[in-house]
Amino acid sequence: GTGYTLLNGSVGIGDTTQDSKLDVEGGDLRITSVDPTLIFDETDTGIPWQYKITGDQWILQRSGLDRMVVNNAGTLIMKGDLVNNEDATVRMGATATGSSLVLQSGNTDQMTILSGGNVGIGTTSPGARLDVIGAANFGAGTTRTLIIPSISALTGANNSIAGSGAGAALTS
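Residues numbered from 1 in each chain as written. Predicted model: local features only at pLDDT ≥ 70, side-chain atom pairs only at ≥ 80, totals over all residues. Heavy atoms only, no water.

1. Description of the pattern of salt bridges
Two side chains bearing opposite charge may form a pair once their charged atoms approach each other closely. All chains considered together, the criterion is met by one salt bridge. Close ionic contact of Asp-66 with Lys-79 constitutes a salt bridge, the shortest N to O distance being 3.9 Å. Of the two residues, Asp-66 sits in strand 7 (residues 65-71) while Lys-79 sits in the loop between strand 8 (76-78) and strand 9 (100-105), which places them 13 residues apart along the sequence. Overall, the relative accessible area of 43% leaves Lys-79 in the partly exposed class. (Salt bridge = Lys/Arg side-chain N within 4 Å of Asp/Glu carboxyl O. Helix = DSSP H or I, 4+ residues; strand = E, 2+ residues; numbered from the N terminus. Buried < 20%, exposed > 50% of the residue type's maximum accessible area, 1.4 Å probe, protein only.)

Here it is in structure tokens:
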């Protein structure tokens, strides 16, 4: 149909047999405002969810607090925890050729995983499966274990292995 109909307290736009309080068929729903907002009030909790556009950001809010923000550059900002309660796998990453996954803290790159699988901590261009810039501890408590398959792989300047304390040993 065309136009609108009012049937049993429901409004249909472009539809004469609406199944909801507001049924729009065959077109878009447009909200025009300086800061357009769509609010979903849950009658059982009384806590609204809001979808709003403010400036260059699309914002999802709960109880008036930003929970997720997407800006016009495509940056996704999540406020809260990323939790998967459905299965045992959480996947995150980029599928483009040559892409990498970078984890930040304090707006600084802390860990990088390259598309080839190399992982860098303290470096954004790891040259090995695990490339750590700075000190690293392996093990728990006072026990530290590092297994190196081939000591002869350590060549060149600035390479060393050192141990101290009871039980410190280096064998090849």
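Having seen the model, we can carry on.
2. A closer look at the packing of aromatic side chains
Centre-to-centre distance and the angle between the planes together describe a pair of aromatic rings. A complete count under the given rule lists two aromatic pairs for this structure. The interplanar angle of 90° and the centroid separation of 5.5 Å between the aromatic rings of Phe-40 and Tyr-51 together place this pair among those described as edge-to-face. Of this pair, Phe-40 sits in strand 4 (residues 37-41) while Tyr-51 sits in strand 5 (residues 48-54), and the two are 11 residues apart along the sequence. Judged by its relative accessible area of 43%, Phe-40 is partly exposed. Accessibility expressed as a relative area gives 31% for Tyr-51, which makes it partly exposed. (Phe/Tyr/Trp six-rings, centres within 6.5 Å; stacked < 30°, edge-to-face > 60°.)

3. A closer look at the pairing of strand 9
Relative to strand 10 (residues 108-114), strand 9 runs antiparallel, the two sharing six bridges. In the strand pairing of strand 10, Ser-105 is matched with Thr-108. Between strand 9 and strand 10, which follow one another and run antiparallel, lie two residues, and Gly-106 among them has a positive phi close to 60°. (Pairing = 2+ DSSP bridges.)

4. Considerations on the side chain of Gln-61
Looking at where Gln-61 falls in the secondary structure, it is placed in strand 6 (residues 57-62). On the basis of relative accessible area, Gln-61 is assigned to the buried category, the value being 8%. Only 2.8 Å separates the side chain of Gln-61 from the side chain of Gln-50, close enough to count as a polar contact. Here Asp-66 takes part through its side chain, which lies 2.8 Å from a polar atom of the side chain of Gln-61. Setting aside chain neighbours within four positions, we find Gln-61 in contact with Pro-48, Trp-49, Gln-50, Lys-52, Asp-66 and Arg-67. (Polar contact = N/O pair within 3.5 Å; in protein donor to acceptor, adjacent residues only side chain to side chain. Contact = heavy atoms within 4.5 Å.)

5. What about a nonpolar patch on the surface?
Taken together, the side chains of Ile-31, Leu-38, Phe-40, Tyr-51, Ile-53 and Trp-58 define a hydrophobic patch exposed on the protein surface, amounting to about 490 Å² of accessible area. Of all the elements in the fold, those that place two or more residues in the nonpolar patch are strand 4 and strand 5. Relative to the assigned elements, Leu-38 resides in strand 4. Take Leu-38: its relative accessible area is 36%, and that puts it in the partly exposed class. (Patch = residues over 30% accessible without salt bridge, like charges linked within 9 Å, V, L, I, M, F, W, Y side chains within 5 Å. Areas by Shrake-Rupley, 256 points an atom, 1.4 Å probe, with all protein chains shown as cover.)

It is worth stressing that arrangement in space is one thing and function is another; only the former is reported here.
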